[in-house]
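Chains, contacts and geometry: an overview
Each chain is listed here by its residues.
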Number of protein chains: 2
Amino acid sequence: MGDRLSERSRHILEAIIEDYIATAEPVGSRTITRRHGISLSPATVRNVMADLEEMGLLVSPHTSAGRVPTEKAYRLYVDSLLEVRGIAPEERDMIGRQCNIAGRDVGSVLKETSRMLSCLSRYTGVVVAPRFTTNMFRQIEFVKLGGRRVLAILVSRSGVVQNKIIESDEEMGTDDLVRMANYLNDLLAGLTIAEVRNRIREEMLTEKARYDAMLARALRLSEQTFAGGEGGDASGLFIEGQANILSQPEFSDIDRMREVFHAFEEKGQLLELLDRCVNAEGVQIFIGSETHLHQMSGMSLITSTYMTGRDTVGVLGVIGPTRMGYGKVIPIVDYTAKLVSRLLEME
Amino acid sequence: MGDRLSERSRHILEAIIEDYIATAEPVGSRTITRRHGISLSPATVRNVMADLEEMGLLVSPHTSAGRVPTEKAYRLYVDSLLEVRGIAPEERDMIGRQCNIAGRDVGSVLKETSRMLSCLSRYTGVVVAPRFTTNMFRQIEFVKLGGRRVLAILVSRSGVVQNKIIESDEEMGTDDLVRMANYLNDLLAGLTIAEVRNRIREEMLTEKARYDAMLARALRLSEQTFAGGEGGDASGLFIEGQANILSQPEFSDIDRMREVFHAFEEKGQLLELLDRCVNAEGVQIFIGSETHLHQMSGMSLITSTYMTGRDTVGVLGVIGPTRMGYGKVIPIVDYTAKLVSRLLEME
DNA sequence: GGTTAGCACTCGTTTGTGGCGAGTGCTAAC
DNA sequence: GTTAGCACTCGCCACAAACGAGTGCTAACC
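Report on the accompanying structure. Note that the coordinates shown come from a computational prediction; the quantities given were computed from them, not determined experimentally. By convention here, each chain's residues receive numbers from 1 onward along its written sequence. In the order they appear in the text, chains get letters beginning with A and ligands get numbers beginning with 1. Whole-chain, interface and lining totals are the exception, using all residues; otherwise, since this is a predicted model, local features are given only for residues with pLDDT of at least 70 and side-chain atom pairs are given and counted only at 80 or more. With hydrogens and water stripped out, all remaining heavy atoms of the structure feed into the side-chain values.

**As for the relation of the copies chain A and chain B**
Superposition of the copies used a least-squares fit over C-alpha atoms from residues whose pLDDT is at least 70 in both. Mapping chain A onto chain B calls for a screw motion: a turn of 179° about the axis and a shift of 0.0 Å along it, with 0.1 Å RMSD after fitting. Each copy turns onto its partner about a two-fold axis. Any two residues having at least one pair of non-hydrogen atoms within 4.5 Å are treated as being in contact. Most of the interface of chain A is mirrored in chain B, where 100% of its interface residues again form contacts.

Written out as structure tokens, the structure reads:
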């Protein structure tokens with residue numbers, strides 16, 4: 001009854017988990033013996049199962065049902081039982097085929113990636129664009145709209161475009177706007193967006209700005225451009241294939257499902273969770289409550305990071321039930337992340 | 001038994017529809033008499049109901065249940081029974097509060113509008129951005145990315161921004177790109193995006209273009225920029241509040257719901273339907289099968305058009321069950337469309 | 001001592017039955 | 001034309017019985 005698992009117990013546990021992943025039904029001792037490799041009697045298996053239950057790796061929904069793996073069991077499974085196969089060739093081909101960037105914008109590529117993740121995994125795909133603020137500044141342009149409205153267009157080093165409509169104090173000519181943009185492009189070259197904000201504030205305090213009206217105006221305009229974070233729409237979270245989770249038997253409960261969809265619509269908390277993944281390199285796995293999101297209970301998240309430049313990093317992954325085909329999904333996420341990195345190399 | 005409805009029948013039908021909208025339960029003769037204004041015995045009401053059923057305005061799910069309105073009944077209801085009240089002041093305020101455009105981009109405003117529609121109606125909000133191709137050209141800019149990649153940024157008259165990464169044949173300097181953009185901005189001023197495409201093709205055939213390498217390059221670059229329609233991500237359809245339809249009792253059937261969500265994810269067919277609304281001015285209503293989308297059976301759509309300029313027109317609206325609160329939703333859609341038009345006036 | 005056959009037991013699921021009640025259609029009286 | 005009365009239909013619910021998958025325990029086996 002030690003905490004160490006015997007080879008046999010591990011084997012049985014693995015069989016149970018894989019059976020449960022495949023069928024979504026509690027697994028009985030009988031079923032296991034019929035399955036591959038295990039030539040023991042049901043009674044023996046039952047003994048082992050009782051042990052596993054005591055260790056907190058299995059639970060039975062009720063006395064006369066089979067056993068179901070706990071989160072702890074899944075954790076053990078992905079950490080030491082599961083050996084990840086490489087990605088299937090046909091999957092690799094499909095990912096490759098999706099990926100040509102010419103004629104598209106970064107946003108649409110990321111959205112398409114999310115869709116592809118959902119399509120291959122049969123769960124829900126998520127892609128988070130790199131935080132705009134950690135991006136390098138590349139270029140700013142101003143376009144005159146009607147009246148005092150000016151459209152500011154911001155391009156980051158990694159080719160992500162943001163635009164904002166700005167209500168300026170006074171009407172400005174097209175020439176003025178071009179000159180301002182040139183000035184700002186010089187001033188802000190090579191900074192991150194976060195640094196840009198500080199730089200603008202500093203610059204506003206200089207003598208030069210105080211006496212040159214045009215300069216002051218340029219700075220005021222840019223201040224508004226860089227104000228207020230990511231800006232609405234560009235929350236940069238692409239969730240695709242939500243409908244896939246409707247097929248999962250664990251979500252036949254309508255209230256449960258509403259909760260999940262609400263979490264998807266809110267995006268805020270999910271984004272927070274995914275943002276935390278930025279720091280860890282490589283594939284990360286959150287099982288059930290490990291996400292610390294109660295709306296996501298019963299769900300797992302597999303993520304990996306991708307890069308669009310030396311140090312601009314985004315996150316992509318797959319959300320599915322804890323009873324997820326980890327062995328299949330992990331290589332998909334891994335390979336996709338690497339491919340997207342290659343694709344968006346922009347420096 | 002004439003096809004003409006008596007005043008009394010109309011009154012009863014209206015009561016049935018409104019009761020059913022409120023409760024989602026088949027309505028019995030008894031219930032009706034208890035409701036407002038009708039002081040007849042249940043037996044009389046039953047006679048009337050039998051007539052209405054024969055006219056195809058009501059059906060009963062089974063013999064001992066009440067009656068349920070048919071699509072035909074809803075159509076009659078919105079056409080001649082329902083008198084649309086103005087929008088409630090608190091709703092108007094909420095819409096007004098959402099709407100400031102400064103510091104945001106057109107896309108995020110539209111997305112927010114969709115969210116607001118869903119929030120007020122408690123159904124699902126949809127907003128279609130104006131077709132990019134019917135938009136007037138305002139400005140083009142090129143930004144040099146790494147290697148031979150160029151980022152093309154396209155601004156339409158109405159302030160909508162599109163960007164595309166282009167793989168050019170040869171590496172180009174920043175100065176070249178600026179010069180090209182200037183040339184193209186002159187060339188294409190005042191055309192619609194659709195006209196722009198033809199103009200580029202014409203221009204490529206002129207003597208001038210044949211002997212001026214820079215010009216030819218500019219044209220090739222712009223050709224790629226304008227190729228291939230709306231470009232991926234910017235399908236320009238914003239659907240928000242999908243989770244709201246989960247609360248509707250008619251979608252307690254999980255398969256039914258999966259179908260609806262699939263339709264939302266595909267977007268293609270829905271977009272087609274909404275595109276057709278562009279031509280009709282004012283509020284339009286599609287009830288059930290009138291949408292001609294079988295995935296949308298049992299659902300209704302209320303739309304209105306909005307403008308972002310003299311002749312760039314988009315569509316917004318609400319999707320809900322046929323058993324929708326038409327009286328409440330119609331003014332919301334109407335008012336929102338007018339407000340968005342005012343907000344996005346850009347000329 | 002680990003393994004296994006046998007067996008009583010548990011408990012969710014399915015099936016069947018009867019009563020209840022909402023609602024109808026019909027008929028006859030007002 | 002309207003209404004009361006009444007028999008009838010049919011979904012829904014509660015309860016009970018039969019079923020069966022699966023368990024835990026015990027005793028025998030190698």
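**Section: the protein's contact with DNA strand C**
Looking at DNA strand C, there are 20 residues lining it, with A:Arg8, A:Thr44, A:Thr63, A:Ser64 and B:Ser29 nearest. Proximity is defined per residue: if any heavy atom of the residue lies within 4 Å of a molecule or strand, that residue is considered near it. Counting only atoms of DNA strand C within 4 Å of the protein, the fraction found in sugar and phosphate groups is 79%. Any pair of nitrogen or oxygen atoms within 3.5 Å is treated as a polar contact; in protein, a donor-acceptor pairing is required on top of that, and neighbouring residues in sequence qualify only through side-chain atoms on both sides. Between DNA strand C and A:Arg8 there is a distance of 2.6 Å, counted from a phosphate oxygen to a side-chain nitrogen or oxygen. One of the backbone N or O atoms of B:Ala65 is found 3.4 Å from a sugar or linking oxygen in DNA strand C. A run of DSSP states H or I qualifies as a helix once it reaches four residues; a run of E qualifies as a strand once it reaches two. Both are numbered from the N-terminal end. Of the residues forming the surface near DNA strand C, the biggest block, 4 residues, is contributed by helix H3 (residues 42-54) of chain A. In the scheme used here, Gly and all other residues not listed as nonpolar or charged are polar, with Ala, Val, Leu, Ile, Met, Phe, Trp, Tyr, Cys and Pro taken as nonpolar and Asp, Glu, Lys and Arg as charged. In terms of residue class, the surface near DNA strand C is made up of 4 nonpolar, 12 polar and 4 charged.

**Some points on the protein's contact with DNA strand D**
Surrounding DNA strand D, one finds 19 residues, the nearest of these being A:Ser29, B:Arg8, B:Thr44, B:Thr63 and B:Ser64. Expressed as a percentage, the sugar and phosphate content of the atoms of DNA strand D within 4 Å of the protein is 75%. Contact distances for DNA strand D include 2.7 Å between a phosphate oxygen and a side-chain N or O atom of B:Arg8. The element that contributes the greatest number of residues to the surface near DNA strand D is helix H3 (residues 42-54) of chain B, accounting for 4 residues.

**So, the sheet that holds strand E9 (residues 299-307) of chain A**
Residues and elements named next belong to chain A. At least two DSSP bridges between two strands are needed for those strands to be called paired. Reading across from one edge, E7-E3-E10-E9-E8 is the order of the 5 strands in this open sheet, with antiparallel pairing throughout. Every other strand in the sheet has two partners, leaving strand E7 (237-240) and strand E8 (284-287) as the edge strands with one partner each. Averaged over all pairs of adjacent strands, the angle between strand axes in this sheet comes to 15°, irrespective of strand direction. Where strand E3 (residues 124-128) and E7 come together, 4 bridges link them in antiparallel fashion. Across the sheet, the residue bridging to Gly-125 is Glu-240, located in E7. Against the sheet, helix H13 (residues 326-343) makes contact with E8, E9 and strand E10 (313-321), and its axis sits at roughly 25° relative to E9, the strand it touches most. For helices, the fitted line uses only the C-alpha atoms of the stretch in contact; every axis is such a line through C-alpha atoms, and the angle between N-to-C directions lies from 0 to 180 degrees.

**Looking at the side chain of B:Glu141**
Note on placement: B:Glu141 falls in strand E4 (residues 137-144). Think of it in three bands: with a 1.4 Å probe and only protein chains considered, a residue is buried below 20% of the maximum accessible area for its type, exposed above 50%, and partly exposed in between. Residues counted as positive are Lys and Arg, residues counted as negative are Asp and Glu, and His and the chain ends are not counted. Salt bridges, as used here, are contacts in which a Lys or Arg side-chain nitrogen is within 4 Å of a carboxyl oxygen on Asp or Glu. One buried charged residue, B:Glu141, forms no salt bridge at all, with the nearest opposite charge on B:Arg138 at 11 Å. Looking at B:Glu141, its side chain comes within polar contact range of the side chain of B:Gln139, at 2.8 Å. When sequence neighbours within four positions are dropped, the list of residues in contact with B:Glu141 reads A:Glu141, B:Leu151, B:Ala152, B:Ile153, B:Ala181 and B:Asn185.

**Re the packing of helix H8 (residues 193-204) of chain A against helix H10 (residues 213-226) of chain A**
All names here are of chain A. It is the contact of H8 with H10, at a shortest axis distance of 10 Å, that shows an interaxial angle of 150°. Classified by the angle between their axes, H8 and H10 sit roughly antiparallel to one another. Once H8 is placed against H10, the crossing between them reads as left-handed. On H10, the residues that touch Ile-193, Val-196, Arg-197, Ile-200, Glu-203 and Met-204 of H8 are Leu-219, Arg-220, Ser-222, Glu-223 and Phe-226. Every angle not falling under 35 degrees, over 145, or within 65 to 115 is termed oblique; those three ranges are roughly parallel, roughly antiparallel and roughly perpendicular. What makes a crossing left-handed is the near helix being turned counterclockwise from the far one by less than a right angle; a clockwise turn instead makes it right-handed.

Interpretation in functional terms is not warranted from these geometric data alone.
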